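# Survey of secondary and tertiary structure
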Amino acid sequence: MTPKASQKRKKSALSVVDAKAAVDLATAQTYSENVFLFVPNIIGYLRVILAAVSLHYMSYHPIYSSILYGISSILDVADGYAARALNQSSKFGAVLDMVTDRCATSCLLCYLASAYPTYAVLFQFLIALDFSSHYMHMYSSIITGSSSHKLVTSDVSRILWLYYNDRRTLFLVCAGNELFYVALYLVKWIDTPITLLLHPSTPSFLVGMTYQQLVAWLSAPVCILKNIINLVQLWKASKILVGVDLAERAKARKEKAS
């Protein structure tokens, strides 16, 4: 990593903050600088509420559930723009955003595991991969002094660099992944076949297919790509943590020998 890239990763990271001191700061914050009330964080709370209501409707009202889930996902973009526009980026907001994403997606996958029992183990694997890769990536970012888990340099991983550093790529991959899961969810509820495309030149595989099935097939490659990225993220984070362990052990041996 170049010195410039290293400085970029650490420019906004505090050295060490005592946990008790941090709690006291959060308790004493004024209304003019209350991180809990930052606009992007308020959007984050709204996302949590919408996702929760969506899960409430999931077992008996697919339209309400899908609309609310979709709005909650779209607001993920809005809170990022608000944070940059208002200069209200925060570590709390970044973690709130990630936790909301992980929990909402995992709850939907839990429903899919019950709706498609044959593939329950696969959905359980996707939940475990999603949580473990993001947790280890976040932790490896913290211990290497990064101010954000999205600050990945190309010399660490070109795939993760392309994923995190291009907002369009990040949005399209995440949106396509969620679209696939929502389409699978709707397949279990709506079985109206495609009618607008039925004419003499219609491919035979489209006959009898629903719009939800078509969307699922079209977005499936994006879902596969997203989970490949999760695997790369898990592996790279594991290597970073092992590298830190080796560096600390080598430093301890050197100090002991001196």
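Residues numbered from 1 in each chain as written. Predicted model: local features only at pLDDT ≥ 70, side-chain atom pairs only at ≥ 80, totals over all residues. Heavy atoms only, no water.

## Points about helix H8 (residues 167-187)
Filter applied, for reference: Helix and strand labels come from DSSP, where a helix needs a run of H or I of at least four residues and a strand needs a run of E of at least two; each type is numbered from the N terminus. Helices are assigned an expected span. That span is 1.5 Å times one less than the residue count. Relative accessibility thresholds used throughout: buried, under 20% of the residue-type maximum; exposed, over 50%; partly exposed, between the two (1.4 Å probe, protein chains only). Any two residues whose heavy atoms approach within 4.5 Å are treated as being in contact. Polar contact is the term for a pair of N or O atoms within 3.5 Å; when the atoms are in protein, one must be able to donate a hydrogen and the other to accept it, and sequence-neighboring residues count only if both atoms are side-chain atoms.
Compared with an ideal rise of 1.5 Å per residue, which puts 21 residues at 30 Å, H8 spans 30 Å between its outermost C-alpha atoms and is within 8% of the ideal. Burial in H8 covers these residues: Leu-170, Val-173, Gly-176, Asn-177, Glu-178, Phe-180, Tyr-181, Val-182, Ala-183, Leu-184, Tyr-185 and Leu-186. As for H8, its buried residues are in contact with helix H3 (39-57), helix H4 (62-85), helix H5 (91-115), helix H6 (120-143), helix H7 (158-165) and helix H9 (211-257). Between the side-chain oxygen of the N-cap and the backbone nitrogen of Arg-168 there are 3.0 Å, and the N-cap of H8 in question is Asp-166.

## Thoughts on empty space enclosed by the protein
Inclusion rule: Lining residues are defined by having an atom within 4 Å of a point belonging to a cavity or pocket. Those points lie on a 1 Å grid over the protein atoms alone, cavities being sets where a 1.4 Å probe fits but cannot get out and pockets being open sets with protein on both sides within 12 Å along at least five of seven lines. Grid points are joined across faces, edges and corners, and a volume is the space filled by probe spheres set on the points. Under the scheme applied here, ten amino acids are nonpolar (Ala, Val, Leu, Ile, Met, Phe, Trp, Tyr, Cys and Pro), four are charged (Asp, Glu, Lys and Arg), and all others, including Gly, are polar.
All chains considered together, the criterion is met by one cavity of 30 Å³ or more. For the largest cavity, the calculated volume is near 40 Å³. Forming the boundary of the largest cavity are Met-58, Ser-65, Ser-66, Tyr-69, Leu-108, Val-182 and Tyr-185. Elements represented by at least two residues in the lining of the largest cavity include exactly H4 and H8. For the lining of the largest cavity, the element with the highest residue contribution is H4, accounting for three residues. Grouping the amino acids of the lining of the largest cavity by side-chain chemistry returns five nonpolar, two polar and no charged.

## Details of the pattern of salt bridges
Condition: Criterion for a salt bridge: a side-chain nitrogen of Lys or Arg within 4 Å of a carboxyl oxygen of Asp or Glu.
One pass over the structure, following the stated rule, counts five salt bridges. Residues Asp-166 and Arg-168 are paired through a salt bridge, measuring 3.5 Å at the closest nitrogen-oxygen approach. For Asp-166, a relative accessible area of 25% gives the class partly exposed. Here the residues in one salt-bridge network are Arg-47, Asp-76, Asp-97 and Asp-101, joined through shared partners.

## Focus: the nonpolar core
What tends to happen in soluble globular proteins is that the nonpolar side chains get buried as a cluster. Our working rule: Put simply, buried Ala, Val, Leu, Ile, Met, Phe, Trp, Tyr and Cys residues joined by side-chain atoms within 4.5 Å make one nonpolar core.
Grouped together as the largest cluster of nonpolar side chains are 25 residues, with contacts concentrated most on Leu-112, Phe-123 and Tyr-181. Taken together, the elements giving at least two residues each to this core come down to H5, H6, H8 and H9. Not counting residues up to four positions away in its chain, the partners in contact with Tyr-181 are Thr-105, Leu-108, Leu-109, Leu-112, Leu-126, Cys-223 and Asn-227. Judged by nonpolar contacts, the second largest core, of eight residues, contains Tyr-164, Leu-170, Ile-229 and Val-232.

## Description of the packing of H8 against H9
Selection rule: The axes used here are C-alpha line fits, helices contributing only the stretch in contact, and every angle between their N-to-C directions lies in the interval 0 to 180 degrees. Geometric relationships in this document are graded by angle, where less than 35 degrees denotes roughly parallel, more than 145 denotes roughly antiparallel, 65 to 115 denotes roughly perpendicular, and other angles denote oblique. Crossings are sorted by hand: turned counterclockwise from the far helix by less than a right angle, the near helix makes the crossing left-handed, and turned clockwise it makes it right-handed.
For the pair H8 and H9, interaxial distance at closest approach is 7 Å and the crossing angle is 135°. Judged on the interaxial angle alone, H9 and H8 are oblique. Where H8 crosses over H9, the handedness of that crossing is left-handed. Contacts between H8 and H9 involve Leu-172, Val-173, Cys-174, Gly-176, Asn-177, Leu-179, Phe-180, Tyr-181, Ala-183, Leu-184, Leu-186 and Val-187 on the former and, on the latter, Gln-212, Gln-213, Val-215, Ala-216, Ser-219, Ala-220, Val-222, Cys-223, Leu-225, Lys-226, Asn-227 and Ile-229.

## Concerning the layout of surface pockets
Within this model, the second largest pocket holds a volume of roughly 410 Å³. Lining the second largest pocket are 16 residues, with Leu-122, Phe-123, Phe-180, Leu-184 and Ala-220 positioned closest to its centre. Sorting the residues of the lining of the second largest pocket by element identifies H6, H8 and H9 as the ones contributing at least two each. When residues in the lining of the second largest pocket are grouped by element, the largest group, seven residues, is from H9.

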